[in-house]
Structures are given as C-alpha cells and as structure tokens.
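This is what each chain is made of:
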Amino acid sequence: MIGGYDERCAADLAAVCDGRDLSREDRAWLARVVTGAVRPNRDKPLWDLAHALTALAQATGAQNGRDLVTLALDPGLATAATVSARFAETVAADARGPVFGEVWRTSWAGLARLLALAEFVLTAEDLAQFAAVTGWLDELAAAPDAEGAAFLAKRLARHLSAYRNAHLPLAPLERRFRAILGFLGGRKNFSDDDILAFWRNEMEAGERPGFRTIAEHFVTFEAGAHLVGGLDGLSAPVSLDAHAGWEERLDAALGDLAAAEPAEALAALLADWPEGPKILTGAEREDLADFLRLEPFHRTRPLTTLRAASFGRVQSGIANRLRRGGGGADVTERATCVEAESYTSLQERAVALAAHLARMLRIAAALRIAERDGLTPEVRAALDAAEADLRRVRRAGFEDRAALNAGFAAAQAALLRLTEEAARLERALAGLARQRPLDAAFAADRSVFAAAFAAAYAEEAAA
C-alpha cells in the first residue's frame, strides 16, 4: 500500500506521469483527481474532461473515438505551450484558453492536464478498460454536443469511482466520513453524545447498525480528521515545493490509516495472544477486547466505551437471536436492556483487569531479573513481592518455571502494552465517575437504548 492507493494504482499513475514527463505540480494534480482528493466535487475534473474531449472532437472533426484516443495518448501534448501551439487556431478559445459554448472553459495548461487524465482513464489496469472507453469516445465523436458531453461525464465518473473502490483502501472509509461529517454539520470535533445521537438517527432510519460499529466508525473518522487537519496547509495557494517532505507525510499518514483501522490495533494484540501459560484466561481476553476495541476511546471517551460494552453487548445478543431464530430471552425482553451490565460493574471489572495485568507484569519482571545483587532495597522488595505473587498463582502453565519464562518472553511486548492501556482505562473511568455519577449515567442511557431497541426491533418482537 503506497500513499493511500495500491501498487497497481501507483504503477498506473507512474506510467502516465513518466511517459508525459509531467511537472511535480501536474503529477500532484493527477494523483488528487484519481484518488478523489478534489473538493468540493471530486467528479468535476471528469466533467471537464468530457467537455474538453467534446471541444476537441468538434474542432478536429474527429471521425471516431480512435481520433480522440490518438490525441489523448500523444506525449507531446503535455504542456500549455505544446497544447496551445497545436490547437490555438482550431479550438474555440477566449483569452484564457479553450471554451465550449457558455458552459465550460479552461486554460491551455488545464487542457494539457485533462489530456493526461484521459490517458490514465484509457491505459489504467494494463488497458483493461481501453476498448470500453474507446467505445464511449466513438459515441461522442458521432454527436459532439452538450448532451454527449454530459453523458460521457457520467460514464467517466462511474468508471473512476469503480477504479477507486478497487485500488484505494480508503475508498470504503470515505462513505462513512461523508455520513458522519454531514450529521455533524461539517464539524470535525464531536462528543460522546454526538456518537449516541448519530447511532439513534441511523436506527430511526431503519438501518439498525450496531452501536459498537458506529463507535468504531467514529474512531476512524477522528483519525481521518486529524490527518486532514495535519495536511490542511497543503491546500494553500503556494507551490507544493514549499512544503518540505509533503509527499512522505501524505504517504505515511494515509498508509497508516488505510493499512489497519485504528479500532483494531489493541484487539489484534488480544486475538494474537500466544499459546502458553494462562497469563490471561479466555474470559479476561474477551473483557479486555470489549474495553479496548475502540482504541483510543477507552482513554479519551470512556462513556462511549461503557455504552459499547454494556448496550453494545445487548444489541449483539438481539442480532444473534434473530440470526439463529431462537436461544435465550426473547427480543422483547432483551430490548428492555434488563440484562445490560451497569457502568459501576463495568468499572469494577476494568479495575480488576488493570490490577491483574499489573501483577502479571511484576511477575514477568521477577522472572527476568535473576540476579538481585546491587539492586536498591525498594526494587528487591518489589521483586520479592512479585515472587510471592507467583507462588500464589494457580493457573495452567505456572508450575514449570522454564516454560513460564518462555511464555512471558513471548507475550512481553503485548503484556506491557495491554497493562499500560488498562491502567489508562482505569484512570479515564475514575475521571468520568468524578464528573458524572455512573449509576445515574447508566440509568439515563438504559432508557435511551431501550427505547431505540424497542422501536427498531418492534416487528420482530411482535412476531
């Protein structure tokens, strides 16, 4: 994955940019158009391209699509000077450059860029769509008018949209971004209650998404908003050369976001937990996954973390019952949230998990430090306490010290990270409890979720 697009897309872009020897600015423009980074309307360049080709078809008397393909693939038509020299006497133009009636105009430099885009559309994916696009140009050449231009613009927009979905890992994420950004009225900042309100809005619209799923979308949205905020300066009307390392920044940031959505990192540690001594039981791993799957919300938005752990589990139970057609309490009973775990209980479990992980980390340190000479009395006392903890542990795999050493060594990186994040969760929940009594918050949220579930699953409840 390179810069938010895959190697196929990178190769397609390089073929056009290198073949036409495009300037740095023109290369950046073409990459933004292909990846959909043109705002406010990503399809505007394709509308421009359709009208440019229509103007060229009229001016050159193109007999068929091949005549337009020949122009698009001519590497000599890559600059304002060469394009102006070729078409200034034949293409309708004003002082700035080519025009098409009263609806479209561009500069000669703009026309050169559009021809580069035409080459990309024709040659991408090893000419896989060459015949189809040439056929569209045949139809345009037969009727090079405003209607033909508009029809070609729609075809090109659909074509490039399909290309993005196939080759841009970020494309699926953008649909989420658009919905969330629209709901927030353009704001990039949001609160726990914004997340809840968005989920309720989607439930009322009949979509019935999981609350956990919506929260994960907001995690990704926040990461994307931070990325965009960090790169906002690139939109300033100055040369990109003034932004030292802008390509590397963009590649690294988009790559990090697309390679793995932020909500999955800590959950992946738990999913890949090594076999060996039972440092964590299956139930403990599940509990940690419930708390940490919304990274970084477990430390920045603990209320959303509690809502997902409590009421997200209720909704998952409803969905599972509907999928299986039975099992457990019926939908009506589940929808009342009578089985929802209280926020106080969840906090107690989080505290217990943090304490257990800290204990395991102390044991890991005691196993690694065999030589105690030269240590301060405080450190020796801590290691002695850890050894005492180890003797009290009654878990599978803790009897064989050699195997235990190997097991802790295999898990040490994950254990250190999870211990740190569990401690952050504990602190975040304590801070939330100081601001807002957890029992009152739970009671208020239970009313909200129960009402949403009752309305969304009313039909199934009545069946």
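Okay, so let's go over this structure. (Residues numbered from 1 in each chain as written. Predicted model: local features only at pLDDT ≥ 70, side-chain atom pairs only at ≥ 80, totals over all residues. Heavy atoms only, no water.)

**Thoughts on the overall build of the chain**
Then comes step 1: Of the regular secondary structure elements, the chain holds 22 helices and two strands.
Then comes step 2: Within the chain, the fraction of its 463 residues that count as buried is 46%.
Then comes step 3: Restricting the contact set of the chain to residue pairs at least 6 apart, pairs at least 24 apart contribute 73%.
Then comes step 4: As displayed, the chain has an accessible area near 22,100 Å², and 53% of this comes from carbon and sulfur atoms. (Helix = DSSP H or I, 4+ residues; strand = E, 2+ residues; numbered from the N terminus. Buried < 20%, exposed > 50% of the residue type's maximum accessible area, 1.4 Å probe, protein only. Contact = heavy atoms within 4.5 Å. Areas by Shrake-Rupley, 256 points an atom, 1.4 Å probe, with all protein chains shown as cover.)

**Quick look at the side chain of R307**
Then comes step 1: Checked against the element boundaries, R307 lands in helix 16 (residues 302–324).
Then comes step 2: A relative accessible area of 1% means that R307 is categorised as buried.
Then comes step 3: At 2.9 Å, the side chain of R307 forms a polar contact with the side chain of D445.
Then comes step 4: The contact partners of R307, leaving out residues within four places of it in the chain, are D192, D193, L196, F211, G312, Y343, R436, D445 and F449. (Polar contact = N/O pair within 3.5 Å; in protein donor to acceptor, adjacent residues only side chain to side chain.)

**Brief notes about the pattern of salt bridges**
Then comes step 1: Within the structure shown, the criterion is met by 24 salt bridges.
Then comes step 2: Close ionic contact of R105 with D94 constitutes a salt bridge, the shortest N to O distance being 2.5 Å. Taken as a pair, R105 in strand 2 (residues 104–105) and D94 in the loop between helix 5 (80–87) and strand 1 (99–100) lie far apart in primary sequence, 11 residues in all.
Then comes step 3: On the basis of relative accessibility, which here comes to 38%, the residue R105 falls in the partly exposed class.
Then comes step 4: The partner of E139 in a salt bridge is R155, and the shortest N-O contact between them spans 3.1 Å. You can see E139 sitting in helix 7 (residues 130–142) and its partner R155 sitting in helix 8 (residues 146–167), a full 16 residues away along the chain.
Then comes step 5: Since its relative accessible area comes to 43%, E139 is described here as partly exposed.
Then comes step 6: Overlapping salt bridges, with partners in common, bring together E295, R299, R417, E420, E421 and R424 in one network. (Salt bridge = Lys/Arg side-chain N within 4 Å of Asp/Glu carboxyl O.)

**Re the packing of aromatic side chains**
Then comes step 1: Scanning the model with the defined rule gives 17 aromatic pairs in all.
Then comes step 2: Look at F190 and F221: their rings are 6.1 Å apart centre to centre, the planes differ by 55°, and that puts the pair in the tilted class. Of this pair, F190 sits in the loop between helix 9 (171–183) and helix 10 (192–204) while F221 sits in helix 11 (residues 211–231), and the two are 31 residues apart along the sequence.
Then comes step 3: F190 gets classed as buried once you look at its relative accessible area, which sits at 8%.
Then comes step 4: The exposure class assigned to F221 is buried, which follows from its relative accessible area of 5%.
Then comes step 5: Members of the aromatic cluster, each reached through a chain of ring pairs, are W199, F211, F311, Y343, F442, F449, F453 and Y457. (Phe/Tyr/Trp six-rings, centres within 6.5 Å; stacked < 30°, edge-to-face > 60°.)

**Quick look at the nonpolar core**
Soluble globular proteins: nonpolar side chains tend toward being buried together.
Then comes step 1: Of all hydrophobic cores here, the largest spans 68 residues; its most connected members are W199, F218, Y343, F408 and F453.
Then comes step 2: Every residue in contact with F218, bar those within four places of it in the chain, is listed here: I180, L184, F190, D194, I195, F198 and F297.
Then comes step 3: V33, V34, L71 and A157 belong to the second-largest nonpolar core, a separate cluster that totals 56 residues. (Core = buried A, V, L, I, M, F, W, Y, C linked by side-chain atoms within 4.5 Å.)

**Some thoughts on helix 4 (residues 65–72)**
Then comes step 1: Looking only at helix 4, the buried set comprises G65, L68, V69, L71 and A72. The buried side chains of helix 4 occupy one side of the element, clustering within an arc of 160° when seen end-on. Helix 4 presents R66 and T70 as exposed residues on the side facing more than 90 degrees away from its buried surface.
Then comes step 2: Packed against the buried residues of helix 4 are helix 3 (44–60), helix 5, helix 6 (108–127) and helix 7.
Then comes step 3: Near the N-terminus of helix 4, the side chain that reaches the backbone nitrogen of R66, with its oxygen 3.0 Å away, is that of N64. (Arc of directions from axis to C-beta.)

**Concerning the side chain of T305**
Then comes step 1: If you trace the backbone, T305 turns up in helix 16.
Then comes step 2: Look at T305 and you get buried, because its relative accessible area is 1%.
Then comes step 3: Apart from the residues within four sequence positions on either side, T305 is in contact with F291, L294, F297, H298 and L425.

**Thoughts on the packing of helix 6 against helix 8**
Then comes step 1: Between helix 6 and helix 8, the least distance of the axes is 12 Å, while the angle of their chain directions is 35°. Of the two possible hands of crossing, helix 6 and helix 8 adopt the one that is left-handed. Of the residues in helix 8, those in contact with F120, V121, A124 and E125 of helix 6 are L156, H159, L160, Y163 and H167.
Then comes step 2: Looking at the contact of helix 6 with helix 8, its residues break down into six nonpolar, two polar and one charged. (Axes fitted to C-alpha atoms, helices over the stretch in contact; angles between N-to-C directions. Left-handed = near helix turned anticlockwise from the far one by under 90°. Nonpolar A, V, L, I, M, F, W, Y, C, P; charged D, E, K, R; others polar.)

**Focus: the environment of F130**
Then comes step 1: Its location among the elements puts F130 in helix 7.
Then comes step 2: Here the alpha-carbon distance between F130 and E119, two residues 11 residues apart in the chain, equals 9.8 Å.
Then comes step 3: Setting aside residues up to four positions removed in sequence, F130 forms contacts with R66, V69, L73 and L122.

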